[in-house]
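# A structural walkthrough
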Amino acid sequence: MSLLVVGLSHRSAPVSVLERAALTADAQVKLLQDTVAAEPAAEAAVLATCNRIELYADVDKFHAGVAELSTLLAQHSGVGLEELTPYLYVHYEDRAVHHLFSVACGLDSMVVGEGQILGQIKDALARAQEVHSAGRLLNDLFQQALRVGKRAHSETGIDRAGQSLVTFGLEQLARGGDVQQWARGKRALVIGAGSMSSLAAATLARAGVAEIVVANRTFDRAERLAEILMDGDDTDVAARAVPMESVPAELTRADVAVSCTGATGLVLTAEAVAEAIQGRTPAPRAVPGEDGPGAPGGASGSAAGAQHGGASGTSLGSEDGCPLELSAVQGTAGFSVLGEAAVAGMAAADLEQHAAWVDNGTVGGDRRAGGPARQAPAGTLDPAADTDAIAALAATVATVGRIPERRRPEPVEEPQRPEPVLFLLDLAMPRDIDAAVHRLAGVRLVDIESLAEASAGAPMAADVDQVRRIVSDEVAAFGAALRAAHITPTVVALRTMAADVVAGEIARLDGRLPGLDDKHRAEITQTVRRVVDKLLHAPTVRVKQLAAEPGGAGYADALRTLFDLDPETVAAVSRAEESTTPRDRGPA
């Protein structure tokens, strides 16, 4: 087996790179054609979704195959090879099979366990069959991947571990709340009419939205989707179709919009969204402390300074001759060096100077000659305590240079964003909605990038382990079947040679015994054939068993050598089997 996959996904590359490397349908077809035309590759298939771009190929040389497939991906994605290479991953032989089976089961999806990937694998196989780039290996591989994925969903609870990307996105819009309660009565705009957009529309309809408007570049497809939504037995939603030109007007009425198109540019710009919500959001509330009466220079700011600053007559900082000018420090009513901002960053010399100043006077006293002492205010330290603390800090600062700020910063009141009036879900790659929309007040945007961040820490369900065991078993079975199939042409060639030997010997017998009647001739022929079959049965069965084991490919060579089989005969059998492979059949 020489299966090779080269690709990138949400696990290996940032969304910005995936977005730039996204392949259109035409680009995928051209990539398939160029891959099979390249020297190392005999078959090719492309799996391209919003979260991954993978090129599968049957190659005859590993290193040459990796180089060729990487170069082709870079050429057709438009991302330079040097920039793309750090994000690429490579799987070969059994590891490549394991990777595709894991992808089919949803283990490698952004939302673990989601089932949409099965449809995307089916589409990838169908596309490769249409351009005749899928031979026996990739046909068998992708067909088996679909069966493994279906088995995982039917035999385990992987569906409980994950959900569709659409459902996960709607949960993020609802901030983890009940989607049905959040969606009930809302007006929805769905941009696009492909598989993902259709799933989004159906999910919104089941969630209880009041109206769904479908916009698509091909109006007929939008109309078809709207009709399907209206005819649904399990929903009661009003649905209608509009041309893409009506999106700006419909956005002004919508409460939630989902976009997933194949457009290469933005479908909704930040300016268009801002215009759509104009007049629907309240004016932003001023943040206290920035402007107006709450600002530092305003009335209340001055009052606060008079109350907490060094202007208080009870503060040491107000005393004449204080070397640290503590009056400039707010929040020091009664000087204390125990972690207060008053000494943060002070040099050792300054602290020692202040210690000497404190040591030469009485707390609250008049340090001018003959000045009367005043009673220390409650809550201040006595001179000895202040002096000792300052001395200790001075010793510390002599080592580290300056006193760090240990006091927690005062909490700053953040401006509150208004509640969203428009919820946007962007499931396209490259993105349909400008990322700058995140900064608009009154809008909540969830896109592929934010979904990736939200799903990174999602808990794994217990059923995932069971799915992993299924994948491991299926990989082993597929490898064994592939290795066994590799020796089949040799076994067929051996039995063909044996049949030819039997036919030759019966012909010789006819020449020597021309009077032999038909009954006896048939009996002799049958006897010789039974002898040959019995002699070949055990070796051929055993060699198939041995060939199915890892490292069993050499048994085919041994069989050809022992029985002196013509290599061209074996190759002819292989070509005959290839010609009977249902290359153009639809995927399972």
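Look up a bit, the structure's there.
To keep things clear, this report deals only with the structure shown in the data block.

### Structural notes on the packing of aromatic side chains
Under the defined criterion, the tally for this structure stands at four aromatic pairs. Taken together, a centroid distance of 5.4 Å and an interplanar angle of 80° make the contact between Y56 and F142 edge-to-face. One end of the pair, Y56, is in strand β3 (residues 52-59); the other, F142, is in helix α7 (residues 136-155), with 86 residues separating them in the sequence.

### So, the sheet that holds strand β5 (residues 187-191)
Read across the sheet, six strands follow the order β7-β6-β5-β8-β9-β10 without closing on themselves; strand pairing throughout is parallel. One side of each edge strand has no neighbouring strand; the edge strands of this open sheet are β7 (238-243) and β10 (443-446). Recorded for the sheet is a direction-independent mean angle of 15° between the axes of neighbouring strands. As defined by bridge partners, β5 adjoins strand β6 (residues 211-216) across five bridges and the pair is classed as parallel. Looking across to β6, one finds that A188 is bridged to I212. Against the sheet, helix α9 (residues 165-173) engages β8 (256-259), β9 (422-426) and β10, with an angle of about 150° to β9. Running over the sheet, helix α11 (residues 195-207) touches β5, β6 and β8 and is turned about 170° from β5.

### Points about a negative patch on the surface
Negative charge collects at one region of the surface, where D220, E223, E227 and D231 lie side by side. With respect to the helices and strands, the residue D220 is situated in helix α12 (residues 219-230).

### Focus: the environment of G135
Within the secondary structure, G135 sits in the loop between α6 (116-130) and α7. Distance in space between the C-alpha atoms of G135 and A42 is 8.0 Å, their sequence separation being 93 residues.

### Side note on the pattern of salt bridges
According to the stated counting rule, one finds 21 salt bridges in the structure shown. Here E474 ties to R151 by a salt bridge, and the two come within 2.8 Å at their closest N and O atoms. In this pair, E474 sits in helix α19 (residues 463-512) while R151 sits in helix α7, placing the two residues 323 residues apart along the sequence. Given a relative accessible area of 13%, E474 falls into the buried group. Residue class for R151 comes out partly exposed when judged on its relative accessible area of 26%.

### Overview of the state of the cysteines
Applying the stated rule across the entire model yields zero disulfides. Cysteine C260 shares no disulfide, and the gap to the nearest cysteine sulfur, in C50, comes to 6.7 Å. On the accessibility criterion, C260 (18% relative accessible area) is buried.

### Regarding the pairing of β8
Residues V256 and V258 point to one face of β8 and A257 and S259 to the other, with burial holding for every one of them. In this sheet, β8 lies alongside β5 in parallel orientation, the contact comprising four bridges. Within β8, the residue paired with V190 across the bridge is V258. As defined by bridge partners, β8 adjoins β9 across four bridges and the pair is classed as parallel. Paired with A257 across the bridge in β9 is L424.

### Quick notes on unusual backbone geometry
The omega torsion across M429 and P430 is 5°, close enough to zero to call that bond cis. For E93, which is not a glycine, the phi torsion comes out positive at approximately 55°. With respect to the helices and strands, E93 occurs in the loop between β4 (89-92) and α5 (94-104). The class for E93 is partly exposed, based on a relative accessible area of 32%. With a phi close to 60°, H132 is a non-glycine residue in the positive phi region. On the basis of relative accessible area, H132 is assigned to the partly exposed category, the value being 48%.

Reading the values: the criteria
- Per chain, residue numbering runs from 1 following the sequence as it is written.
- Confidence filtering applies because this is a predicted model: local features only for residues at pLDDT of at least 70, side-chain atom pairs given and counted only at 80 or more, and all residues used for totals across whole chains, interfaces and linings.
- To get the side-chain values, all heavy atoms of the structure are used, and hydrogens and water are removed first.
- Ring pairs are drawn from Phe, Tyr and Trp, using the six-membered ring of Trp, whenever the two centres fall within 6.5 Å, and their geometry is named by plane angle: stacked under 30 degrees, edge-to-face over 60, tilted for the rest.
- Counting from the N terminus, the helices are the DSSP runs of H or I reaching at least four residues and the strands are the DSSP runs of E reaching at least two.
- Between any two strands, at least two bridges found by DSSP are needed for them to pair.
- Between the N-to-C directions of two axes lies an angle of 0 to 180 degrees, each axis being a line fitted to C-alpha atoms and, for a helix, fitted only over the stretch in contact.
- We call two residues contacting when some pair of their heavy atoms lies within 4.5 Å.
- Only residues above 30% relative accessible area that lack a salt bridge enter a patch, with like-charged residues linked at up to 9 Å and the nonpolar side chains Val, Leu, Ile, Met, Phe, Trp and Tyr linked at up to 5 Å.
- Only the protein chains shown count as cover for residues, with accessible areas throughout obtained via the Shrake-Rupley method and a probe of 1.4 Å.
- What makes a salt bridge here is a side-chain nitrogen of Lys or Arg within 4 Å of a carboxyl oxygen of Asp or Glu, nothing more.
- Asp and Glu are treated as the negative residues and Lys and Arg as the positive ones, with His and the ends of the chain left uncounted.
- Think of each charge as sitting on NZ of Lys, CZ of Arg, CG of Asp or CD of Glu.
- Only protein chains enter the calculation, and the probe is 1.4 Å; a residue is then buried if its accessible area is under 20% of its type maximum, exposed if over 50%, and partly exposed in between.
- Only a pair of cysteine sulfur atoms within 2.5 Å qualifies as a disulfide here.

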